[in-house]
Amino acid sequence: MRLRTVLATLTAGLAAATCLSAAGPANAQPNRACAPAVSIDGFSDALDKTTYQGAFVGNLSALAVDRDGSLAALSDRSALFGLDARTLAPESVVPLADDSGAALDAEGLAVDRDGTRLVTSETEPSVRRYSPAGAVLDRLPVPDALRVAPAGRAVPNGTFEGLTLLPGGRTLLASMEYALAGDSAGTVRFQTWQRWRGHFRLGAQYAYRADPGLGVPEVQATPDGRLLVLERGFTAGVGNTVRLYLADPRRATDTSGVENLTGQDGVRPVAKTLLADLVDCPSLGATAKQPQPNPLLDNIEGMVITGYSKGRLKVLLVSDDNQNAVQTTRFYHLRVRV
């Protein structure tokens, strides 16, 4: 891709993000530190257990900034919502399906530079391209090892959860949630694709070591090519653990030819630095419907960068309520210094 094309793409993306950066939650409270590099401005439960045009507004697993500056919110029950960036009010809903018309377990979302939607399903797993109207346009190749057993070595409900386009739009990256059979516990694989003549073809793969007992539900590329990585876990009777890391894959080993990641294989994993454990955020008056170490926490699963200026990011998180009475659809407005 020509340099001017890369710059134009990045400029357009940041312009859309700037539209969002002016938006803040109604209960915004600045200087609410979770850690030295992370603070929380506020949260919103406004969409919890609501409907829009007959569709349940919940089960939200991913967020993205659309080309017009609005938000796209993916439900894992085969629906893609358009949300107002300021109020979070739903403005549209588009049903999604696989090539045969069957429902998806949709988990990851990225909006491409032409407005098409890249969506992962963790059932197979798969990555498909959709038109804004929800028509399937293409399906990306997936390495055999990453397929759910017995076709591959992935565990059910442990495949492609996160999806992000790196700056310039030439590289797409998806994160597995859990380790493959034969890999060390907690070692998950990040798969990339490279854009070539209008299509994505398989690229490098990297090892990422999640904290014990945690998986990776989301990744988002920062403007400098690093990654924000969410790690999440749940313990019955205790609640959720959610940690935010800054990761850098640029010096990591390409593991696409490594059958088993054991920690003794000479593989250099993706470097990561803890930004915040969200249990340390102020609760801001939030309440929880089940035990939580901090009532602010829930099943946080989606993340998008909505603004960027001088090394400081505005980040929006969302929790997946699983259409469950004891879980909440909650949006979190963070400020992150990288």
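In this text, all values refer to a predicted model and were calculated from it rather than measured experimentally. (Residues numbered from 1 in each chain as written. Predicted model: local features only at pLDDT ≥ 70, side-chain atom pairs only at ≥ 80, totals over all residues. Heavy atoms only, no water.)

S.K.: Lay out the nonpolar core in plain terms, naming residues and giving numbers.
M.R.: Residues F160, L172, F190, W193, Y208, V216 and V229 are the most contacted members of the largest nonpolar core, which totals 33 residues. When neighbours within four sequence positions are excluded, F190 is seen to be in contact with L173, A174, S175, A204, Q205, Y206, Y208, V216, V219, L227, V229 and V270. (Core = buried A, V, L, I, M, F, W, Y, C linked by side-chain atoms within 4.5 Å. Buried < 20%, exposed > 50% of the residue type's maximum accessible area, 1.4 Å probe, protein only. Contact = heavy atoms within 4.5 Å.)

S.K.: Lay out the sheet that holds strand β14 (residues 171-176) in plain terms, naming residues and giving numbers.
M.R.: Strand order in the open sheet formed by four strands is β13-β14-β15-β16, and the pairing between neighbours is antiparallel. A strand with exactly one partner marks an edge of an open sheet, and here the two such strands are β13 (160-165) and β16 (199-209). Ignoring which end each strand starts from, the neighbouring axes of this sheet average 20° apart. Relative to β14, β13 is paired through five bridges, and the arrangement is antiparallel. Residue pairing for β14: G162 is matched across the bridge by S175. (Pairing = 2+ DSSP bridges. Helix = DSSP H or I, 4+ residues; strand = E, 2+ residues; numbered from the N terminus. Axes fitted to C-alpha atoms, helices over the stretch in contact; angles between N-to-C directions.)

S.K.: Mind laying out the pairing of strand β8 (residues 90-95), listing which residues take part and the relevant values?
M.R.: Alignment of strand β7 (residues 79-83) against β8, held across five bridges, turns out to be antiparallel. Bridging across to β8, F81 finds its partner in V93. Taking the residues that link successive antiparallel strands as the turn, the β7-β8 hairpin has six residues, and the phi of L88 there is positive, at about 70°.

S.K.: I'd like a description of the side chain of E301, backed by residues and values.
M.R.: Examined against the element boundaries, E301 turns out to sit in strand β21 (residues 300-309). What E301 contacts, discounting residues up to four positions off in sequence, is L60, S61, E107, E161, P217, E218, L230, R232, V318, S319 and D320.

S.K.: So what's going on with the state of the cysteines? Which residues, and what values?
M.R.: In the structure shown here, the tally under the stated rule is one disulfide. Across the disulfide, C34 is cross-linked to C281 (sulfur-sulfur distance 2.0 Å). Between C34 and C281, the S-S dihedral sits near 110°, and the bridge is therefore right-handed. Taken together, the positions of C34 in strand β1 (residues 33-35) and C281 in the loop between β20 (271-277) and β21 put the pair 247 residues apart, joining distant regions of the chain. No difference in accessibility class separates C34 from C281, as the two residues are buried. (Disulfide = S-S within 2.5 Å.)

S.K.: Any details on the environment of D66? Residues and values, ideally.
M.R.: By secondary structure assignment, the location of D66 is in the loop between β5 (60-65) and β6 (71-75). Classification of D66 as buried rests on a relative accessible area of 13%. For the pair D66 and L137, spaced 71 residues apart in sequence, the C-alpha to C-alpha distance is 18 Å. In this structure the side chain of D66 is engaged in a polar contact, spanning 2.6 Å, whose partner is the side chain of R117. (Polar contact = N/O pair within 3.5 Å; in protein donor to acceptor, adjacent residues only side chain to side chain.)

S.K.: Describe unusual backbone geometry, and please don't skip the residues or the numbers.
M.R.: Each neighbour pair has its own omega, and for E124 with P125 the value is 0°, a cis peptide bond. Mapped onto the elements of the fold, P125 is located in the loop between β10 (117-121) and β11 (126-130). In this chain, A149 is followed by P150 through a cis amide linkage whose omega measures 10°. Mapped onto the elements, P150 comes out in the loop between β12 (136-139) and β13. Positive phi outside glycine occurs at L284, with the angle close to 55°. In this fold, L284 is placed in the loop between β20 and β21. Phi at Q323 is positive, roughly 55°, even though this residue is not glycine. On the basis of relative accessible area, Q323 is assigned to the partly exposed category, the value being 43%.

S.K.: Run through the pairing of β21, naming residues and quoting values.
M.R.: Of all ten residues in β21, eight are buried; the element is thus mostly enclosed. Relative to strand β22 (residues 312-319), β21 runs antiparallel, the two being bridged by eight bridges. If you follow G307 over to β22, its bridge partner there is K314. The hairpin turn running from β21 into β22, its antiparallel successor, is two residues long, and K310 in that turn takes a positive phi close to 50°.

S.K.: Tell me about the sheet that holds β21, and name the residues and values.
M.R.: Read from one edge of the open sheet, five strands run β1-β2-β23-β22-β21, paired in antiparallel fashion. Each edge of the open sheet carries a strand with a single partner, namely β1 and β21. Pairwise comparison of adjacent strand axes, ignoring direction, gives a mean angle of 30° for this sheet. In this sheet, strand β23 (residues 331-337) lies alongside strand β2 (residues 38-44) in antiparallel orientation, the contact comprising six bridges.

S.K.: Just give me the short version of the environment of S309, but keep the residues and values in it.
M.R.: You can see S309 is positioned in strand β21. Taking the relative accessible area as the measure of exposure, S309 reaches 44% and is therefore partly exposed. Between the C-alpha atom of S309 and that of P223, which follows or precedes it by 86 residues, the distance is 9.9 Å.

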